[in-house]
Amino acid sequence: MEISEVQLRGSYYQVYDVKGKKISELGKANGALRGVASGFFVVERGNYYVTYDAKSRKLAEMGASHGQFTNACGSTFNLKKGNYIITYDQRCKKVGERSA
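Residues numbered from 1 in each chain as written. Predicted model: local features only at pLDDT ≥ 70, side-chain atom pairs only at ≥ 80, totals over all residues. Heavy atoms only, no water.

(A) Main features of the overall build of the protein. A count of helical and extended segments in the protein gives zero helices and 11 strands. Secondary structure elements of the protein occur, N-terminal to C-terminal, as β-β-β-β-β-β-β-β-β-β-β. A compact globule built from 100 residues would reach a C-alpha radius of gyration of about 13 Å, and the protein, at 13 Å, matches this within 12%. By principal-axis analysis of the C-alpha atoms, the protein measures approximately 40 × 25 × 20 Å. Scored against the burial criterion, the 100 residues of the protein give a buried share of 41%. Of the roughly 5,700 Å² of accessible surface on the protein, a fraction of 44% belongs to carbon and sulfur atoms. (Helix = DSSP H or I, 4+ residues; strand = E, 2+ residues; numbered from the N terminus. Rg over C-alpha atoms; globule rule 2.2 N^0.38 Å. Buried < 20%, exposed > 50% of the residue type's maximum accessible area, 1.4 Å probe, protein only. Areas by Shrake-Rupley, 256 points an atom, 1.4 Å probe, with all protein chains shown as cover.)

Below, the structure is given as structure tokens:
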């Protein structure tokens, strides 16, 4: 299922599909929204990045010590650590790295 937008409404993040229909919601207490990609979104909770699918089901998590969140796009998200941009998939598996 493809995500077009995640909006904060009150104390919930509401997830919408490409037709504007609400798919699911996730409590804001689960963390701060960092990025939205087509099939997942990323929330920062404490010292962790947590990925969720369109139904707001947790996919994976990783320590924020892996880098500073920069963006999510397509099926990946990027973190910056030092002089490198490191790319991860929605399951928090490293898929690439390049200099910043």
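(B) Here's a closer look at the nonpolar core. One finds Tyr-49, Met-62, Phe-69, Phe-77 and Leu-79 to be the most contacted residues of the largest nonpolar core, which totals 15 residues. The set of elements that each furnish at least two residues to this core consists of β5 (40-45), β7 (58-63), β8 (68-73), β9 (76-81) and β10 (84-89). Of all the elements, β7 adds the most residues to this core, at three residues. In this structure, Leu-79 is in contact with Tyr-49, Met-62, His-66, Gly-67, Gln-68, Phe-69, Thr-70, Tyr-84, Ile-85, Ile-86 and Tyr-88, ignoring residues within four places of it in sequence. (Core = buried A, V, L, I, M, F, W, Y, C linked by side-chain atoms within 4.5 Å. Contact = heavy atoms within 4.5 Å.)

(C) Region of interest: the sheet that holds β5. Pairing is antiparallel in the open sheet, where four strands are placed in the order β4-β5-β6-β7. Looking at which strands have only one partner, the edges of the open sheet turn out to be β4 (32-36) and β7. Each strand axis lies, on average, 25° off the axis of its neighbour in the sheet, ignoring direction. The pairing of β5 with strand β6 (residues 48-53) spans six bridges and is antiparallel. (Pairing = 2+ DSSP bridges. Axes fitted to C-alpha atoms, helices over the stretch in contact; angles between N-to-C directions.)

(D) Unusual backbone geometry, seen in detail. In this structure, Ser-56 takes a positive phi of about 65° despite not being glycine. Counting through the fold element by element, Ser-56 comes out in the loop between β6 and β7. Look at Ser-56 and you get buried, because its relative accessible area is 13%.

(E) Representation of the side chain of Asp-53. Turning to its location among the elements, Asp-53 is positioned in strand β6. Look at Asp-53 and you get buried, because its relative accessible area is 12%. Apart from residues lying up to four places away in sequence, Asp-53 is in contact with Ile-3, Gly-39, Phe-40, Phe-41 and Leu-59.

(F) Highlighting the state of the cysteines. What the rule picks out here adds up to zero disulfides. Cys-73 provides the cysteine sulfur closest to Cys-92, a residue in no disulfide bond, and the two sulfurs are 17 Å apart. (Disulfide = S-S within 2.5 Å.)

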